[in-house]
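Here's the letter readout for the chains.
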Amino acid sequence: MKLLLQLFLLIFCYSCSKQTNITTNINNQKIKITNEGMSFVPSYVECSIGDTIFFELDSYHNAVEVSQETYENNQSEILIGGFNIDFGEDTFIIVNQSKTYYYLCQPHIDEGMKGVILVD
């Protein structure tokens, strides 16, 4: 009887944990960022941890993550450990921490080609 009760509890706990994972995966957003001329579209995104950001860029644009200071000073030094989307690359990132991601197109920083991803 005790073994049967333990088996029941084990199966119950396992099924509850599986349901939680399924629910979490369903709620993740998929957001696409492209470019129009010298602008990222959209240039500002709010999302949650685990969301997927797709970048689809023209061949003369890149998207590199920079520090807030670099962003505010219109500089283009890549943030160590940040994302780096190459020119014309169609790829994605999964935002895995609650923070503000600042990014820009290096050759077009003088035209103001910058963006922000706010993850809460």
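This one's a predicted model, so the numbers in the text were calculated from it and none came from an experiment. (Residues numbered from 1 in each chain as written. Predicted model: local features only at pLDDT ≥ 70, side-chain atom pairs only at ≥ 80, totals over all residues. Heavy atoms only, no water.)

(A) Examining the overall build of the chain more closely. Looking only at helices and strands, the chain has two helices and nine strands in total. In sequence order, the chain lays out its α and β elements as α-β-β-β-β-β-α-β-β-β-β. Burial status across the chain gives 30% buried among its 120 residues. For the chain, the accessible surface area stands at approximately 7,800 Å², while carbon and sulfur atoms represent 55% of it. (Helix = DSSP H or I, 4+ residues; strand = E, 2+ residues; numbered from the N terminus. Buried < 20%, exposed > 50% of the residue type's maximum accessible area, 1.4 Å probe, protein only. Areas by Shrake-Rupley, 256 points an atom, 1.4 Å probe, with all protein chains shown as cover.)

(B) Here's a closer look at the pairing of strand β1 (residues 30-36). Alternating residues of β1 divide into I31, I33 and N35, all buried, and K30, K32, T34 and E36, none buried. Taken together, the four bridges between β1 and strand β4 (residues 52-56) define a ladder with parallel strand orientation. Looking at β4, one finds that K30 is bridged to T52. Sheet analysis places β1 next to strand β2 (residues 39-41), joined by three bridges and oriented antiparallel. Paired with E36 across the two strands is S39, which belongs to β2. (Pairing = 2+ DSSP bridges.)

(C) The arrangement of the sheet that holds strand β3 (residues 44-47) in detail. Pairing is mixed across the open sheet formed by five strands, whose spatial order is β3-β9-β8-β5-β6. Each edge of the open sheet is held by one strand with a lone partner, namely β3 and β6 (84-85). The pairing of strand β8 (residues 100-104) with strand β9 (residues 114-119) spans five bridges and is classified as antiparallel. Bridge pairing in β9 places L104 opposite K114.

(D) Seen up close, the pattern of salt bridges. Tallied over the full model, the rule gives two salt bridges. One salt bridge connects E56 with K32, and the closest N-O pair in it is separated by 3.7 Å. Here E56 is found in strand β4, whereas its partner K32 is found in strand β1, with 24 residues between them in sequence. The exposure class assigned to E56 is partly exposed, which follows from its relative accessible area of 35%. For K32, a relative accessible area of 47% translates into the label partly exposed. (Salt bridge = Lys/Arg side-chain N within 4 Å of Asp/Glu carboxyl O.)

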